[in-house]
Structure formats: C-alpha cells, structure tokens
Amino acid sequence: MVDLSSIANAIVRGKKEAARLVTQSLKEGITAERIISEAIEAGLEEVEEKYQRHEIYLPEVLLVKRAVEGCMAALGGRVTVELEESVKKHFDKLQGMCVTCRPIKLWNK
C-alpha cells in the first residue's frame, strides 16, 4: 500500500516517480481528494517552507512543478475545479516567491 507521505516526499525531491505513486494509490482505492490534500498539497507546503529558508532554489522548484504536473495528469478527470484551484494556489504562492519565475502552468488544457 502506498503511503501518501511517500508521494509528498517524491514531490519535494522533484521526482517523476510521484506520478507512478499517484497511479498506484488510485488503484488501491485512495480518492483524488485525499491524494491532493495529504500528498500533493503537503509536498507543496514543504517546498514553500524550504524555499523560504533558502534550502531549495528555482531549479528545484521547476523540478517540483514537473513532478506535480505528472501527478495531476495521473489523477486525470478525477480532479474537480475546487481541487485544481487548491493546488494552483500553492503554485501561485511559489511563483510570488520566485521573482524571476515565469508563470507556472499546471497542465496543458
């Protein structure tokens, strides 16, 4: 069984394996809502904290972005507008912290 904290950790490290873990979690019956709130948002909150403490920098944030894009793609049509907006708020906050960041797009629509 996938531990949701392992998804959060993969996101913090910017690893593509986060999407595979999301897919596996869905197969195990974990809801998209739980995956977003307990894994994706938790990972993004840790990234925000690490960025503020200067423990990670823009290149790592871009890897995190890529990992989250993979997670959101794995969730597919299970993501409601409210859940999507919730994740987007974290990206907006990160983007505000990264003065040189270009707008971060979660996925292509």
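This report concerns the structure included in the present document. All figures in this text were calculated on a predicted structure; none of them were measured in a lab. (Residues numbered from 1 in each chain as written. Predicted model: local features only at pLDDT ≥ 70, side-chain atom pairs only at ≥ 80, totals over all residues. Heavy atoms only, no water.)

**Details of helix 1 (residues 4-12)**
Counting along an α-helix, one turn takes 3.6 residues, and residues three or four places apart therefore face a common direction.
Then comes step 1: Three or more residues of helix 1 are buried, namely L4, I7, A8, A10, I11 and V12.
Then comes step 2: The secondary structure elements touched by the buried residues of helix 1 are helix 2 (17-27), helix 3 (32-52) and helix 4 (58-75).
Then comes step 3: The first or second residue beyond helix 1 is G14, which carries a positive phi of 70 degrees. (Buried < 20%, exposed > 50% of the residue type's maximum accessible area, 1.4 Å probe, protein only. Helix = DSSP H or I, 4+ residues; strand = E, 2+ residues; numbered from the N terminus. Contact = heavy atoms within 4.5 Å.)

**With respect to the nonpolar core**
Then comes step 1: Core analysis: the largest hydrophobic core is formed by 32 residues, its most contacted members being I7, I40, V68 and L75.
Then comes step 2: Contributions of two or more residues to this core are made by helix 1, helix 2, helix 3, helix 4 and helix 5 (81-97).
Then comes step 3: The element contributing the most residues to this core is helix 3, with 8 residues. (Core = buried A, V, L, I, M, F, W, Y, C linked by side-chain atoms within 4.5 Å.)

**Things to note about the packing of helix 1 against helix 4**
Then comes step 1: Contact pair helix 1 / helix 4: the axes reach a minimum separation of 8 Å and the direction vectors enclose 140 degrees. With respect to each other, helix 1 and helix 4 are oriented oblique. In this structure, helix 1 uses I7, I11 and V12 to contact helix 4, whose residues at the interface are V64, A67, V68 and C71.
Then comes step 2: Taken together, the residues that form the contact of helix 1 with helix 4 break down as 7 nonpolar, no polar and no charged. (Axes fitted to C-alpha atoms, helices over the stretch in contact; angles between N-to-C directions. Parallel < 35°, antiparallel > 145°, perpendicular 65-115°, else oblique. Nonpolar A, V, L, I, M, F, W, Y, C, P; charged D, E, K, R; others polar.)

**Digging into the side chain of E41**
Then comes step 1: Relative to the helices and strands, E41 is located in helix 3.
Then comes step 2: It turns out E41 is buried and unbridged, and the closest side chain with the opposite charge, K89, is 8.3 Å from it.
Then comes step 3: Not counting residues within four places of it along the chain, the set of residues in contact with E41 comprises I36, S86, V87 and H90. (Lys, Arg positive; Asp, Glu negative; His and termini not counted. Salt bridge = Lys/Arg side-chain N within 4 Å of Asp/Glu carboxyl O.)

**Focus on the environment of K93**
Then comes step 1: With respect to the helices and strands, the residue K93 is situated in helix 5.
Then comes step 2: Take K93: its relative accessible area is 44%, and that puts it in the partly exposed class.
Then comes step 3: Along the primary structure K93 and E48 are separated by 45 residues, whereas in three dimensions their C-alpha atoms are 7.9 Å apart.
Then comes step 4: For K93, the side chain forms a polar contact with the side chain of E48, separated by 3.5 Å. (Polar contact = N/O pair within 3.5 Å; in protein donor to acceptor, adjacent residues only side chain to side chain.)

**Side note on the side chain of S25**
Then comes step 1: If you trace the backbone, S25 turns up in helix 2.
Then comes step 2: Of the residues examined, S25 reaches a relative accessible area of 0% and is grouped as buried.
Then comes step 3: Other than its neighbours up to four places away in sequence, S25 contacts V2, L4, I7, I30 and I35.

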